[in-house]
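Observations on the model geometry
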Amino acid sequence: QKLMNEGKVNFLKRRGKGYTPKYSKLLKENSKLYNGDIVYRQLQDGDHVIFNRQPSLHRGSMMMHRVKILPGDTFRLNLAVTSSYNADFDGDEMQTHVVQDYSTSNEIKELMHINKMIVSGQANKPIHGIIQDCLIGSYLLTHKDVVLERKQFMNCVYAAGHQYVKKLPSVFKRALAFYPVDKLWCGRVLFSCLLPENFYYRLKNEADPNEPIVEIQDGILVSGIIDKKIIGRSYKTINHVLYKEYTDTDSADFLSALQFMINRYMIYHGFSVGISDFVINQENKEGVKNSIQKAYIEVDNIQRSDEDPDMKELKINSALNNRGQNLAIHGLCEKNRLETMIKSGSKGNRMNIIQIAGHLGQNNVEGKRMPYEIHDQKRTLFCFDVGDQHPKTRGFIEHSFMEGLTSYEFFFHCKAGREGVINTAVKTRSSGYMQRKLVKRMEDLIVENDLTVRNSVGNIIQFGYGNDNYDPIHVYTNNHRDPSFADIDCIANKLNRKTTTKVYTTDLRTLLPVS
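Notes on the structure follow. (Residues numbered from 1 in each chain as written. Predicted model: local features only at pLDDT ≥ 70, side-chain atom pairs only at ≥ 80, totals over all residues. Heavy atoms only, no water.)

1. Describing the packing of aromatic side chains
Applying the stated criterion across every chain yields a total of 15 aromatic pairs. For the ring pair tyrosine 470 and phenylalanine 485, a centre distance of 5.0 Å and an interplane angle of 75 degrees mean the geometry is edge-to-face. Of this pair, tyrosine 470 sits in the loop between β16 (460-462) and α19 (488-496) while phenylalanine 485 sits in the loop between β16 and α19, placing them 15 residues apart in sequence. Residue classification places phenylalanine 485 among the partly exposed residues on the basis of a relative accessible area of 46%. Three or more aromatic residues link up through ring pairs in this structure, and these residues are Phe384, Tyr408, Phe411 and Phe412. Stacked on the ring of tyrosine 372, the Lys or Arg arginine 394 has its end atom at 4.6 Å from the ring centre. (Phe/Tyr/Trp six-rings, centres within 6.5 Å; stacked < 30°, edge-to-face > 60°. Helix = DSSP H or I, 4+ residues; strand = E, 2+ residues; numbered from the N terminus. Buried < 20%, exposed > 50% of the residue type's maximum accessible area, 1.4 Å probe, protein only. Lys NZ or Arg CZ within 6 Å of the ring centre and 35° of its normal.)

2. Regarding the pattern of salt bridges
This model, assessed by the stated rule, comprises 15 salt bridges. As a salt-bridge pair, aspartate 277 and arginine 337 come within 2.9 Å of each other at their nearest N and O atoms. Taken together, the residues aspartate 277 in the loop between α12 (248-269) and α13 (282-304) and arginine 337 in helix α16 (residues 337-344) connect sequence positions 60 residues apart. Given the relative accessible area of 29%, arginine 337 is considered partly exposed. Here glutamate 373 and lysine 415 are joined by a salt bridge, their closest N and O atoms 2.9 Å apart. Here glutamate 373 is found in the loop between β12 (361-362) and β13 (396-397), whereas its partner lysine 415 is found in helix α18 (residues 407-442), with 42 residues between them in sequence. What you see here is one network of salt bridges that share partners, running through Glu313, Arg369 and Arg394. (Salt bridge = Lys/Arg side-chain N within 4 Å of Asp/Glu carboxyl O.)

3. Quick notes on the sheet that holds strand β5 (residues 62-66)
Strand pairing in a sheet is mediated by backbone hydrogen bonds. Such pairs are either parallel or antiparallel. Read across the open sheet, the 3 strands follow the order β5-β4-β6; overall the sheet is antiparallel. Looking at strand neighbours, the two that pair on one side only are β5 and β6 (95-98), the edges of this open sheet. Within this sheet the neighbouring strands show an average axis-to-axis angle of 35 degrees, counted without direction. Bridging between strand β4 (residues 48-52) and β6 involves 4 bridges; their strand directions are antiparallel. (Pairing = 2+ DSSP bridges. Axes fitted to C-alpha atoms, helices over the stretch in contact; angles between N-to-C directions.)

4. Concerning the sheet that holds strand β10 (residues 213-217)
Strand order in the open sheet formed by 3 strands is β9-β10-β11, with antiparallel pairing between adjacent strands. Each edge of the open sheet carries a strand with a single partner, namely β9 (201-204) and β11 (220-223). Taking the axes of each pair of neighbouring strands and ignoring which way they run, one obtains an average angle of 20 degrees across the sheet. Pairing analysis gives 3 bridges linking β10 to β11, with the strands arranged antiparallel. In the strand pairing of β11, glutamate 215 is matched with serine 223.

5. A word on the nonpolar core
Counting 56 residues, the largest nonpolar core has Phe153, Phe191, Tyr201, Ile231, Ile238, Phe254 and Leu258 as its most contacted members. Of all the elements, α12 adds the most residues to this core, at 8 residues. Grouped together as the second largest cluster of nonpolar side chains are 14 residues, Met64, Val81, Met94 and Met112 included. (Core = buried A, V, L, I, M, F, W, Y, C linked by side-chain atoms within 4.5 Å.)

Pasting the structure below:
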């Protein structure tokens, strides 16, 4: 009735007749609802809807979201779930399917809720995880020497949610077993605020050679730097362990709260990449040029040899690859921000550094150097002399993006890029057709009560689903041993670890803000 009075009912059915409240004279005179009326109301906060992005390739392409009504004409969604949709924000279109009754609403809540989709059955690892800005922020926050001001620390905790503020006395009490009082405001303790009290975690990580193991004891991050391997979409990340050892809600709350916390931290810290991050020192610049000249001499010697032409091409291609790449990478300044992005796993790779600061190297089409296609197969472009066999006439690019490409280098680079675009289009077509055939072939398969997999006419396809009756979502591999439904190593370490108790004279109330 309240929605009716507020004008949030779009349509009403009464005794077999339909009325639109906005235009109905009858309803304008008397807007009271009676038993038996069917009301079609507008969406409101908390409604369950199915969100979809095409192409719908797997179950992560259609998931249940809870609605939050906001001003504007666009859909907004959490960054952590964009990976499974393969969505970005450059003009993507998505669909929302609004369910029409309570039974359907409950059904999609149990079967399609985002929290239940965090781990995929395809490879028993998460398909939702921390990405981009939050990944960089987590990497920067959990360095050993990061200590925040008390005010900043508290603001970050409040940004995560009031429930984490209530946990602070417990967090500080446990943190005192590993950190001195003056270090309680460090980034690692701040990160620990989001973890359960009895959480234990241990994983090898290469983010910092000095701390090769990320270790969490009693819910406190003791050592190691957080990166993509720890909170991304890999097997045995923190969000994966929370999903398995605790609940899907705990995993989802962690992913959500971490983003709010890190976004607030990044307001204080800041992070941006500029041209200065792509400039390498003069010594390394000369080293890259010298290594290219050595490659030219090596190619010239190969061309003069009497070997088979195909073997010559193979050796030339090998000689022109990986020239001066390490010089380009090591020529960057210390604490380079592009390198920070790559190390954290947020964006980019070593090849991006090499192409921006070093040189682009050999560009191939169909796995071979640029072919002679004009003047009776004697040259690649009109700007080269007939019979010129210099590597740069066959697609070798000796300049970087910072220096800028010559006109013929740009042409060769576009030629190699065109091949990638064509392959993508062809691959999408063939894989899409293959998936359709598989889906149509298997759409009637179900697991019966006797655990056999059967089709619509009752034929047995498998005596047990996957021949082992395991649901991949709930399976751990346990270091290539037999699969199990629990992380045996983690449980053993948790039970075997000797806990040491200390007596503290510090009053925890002095550490917390005055209410």
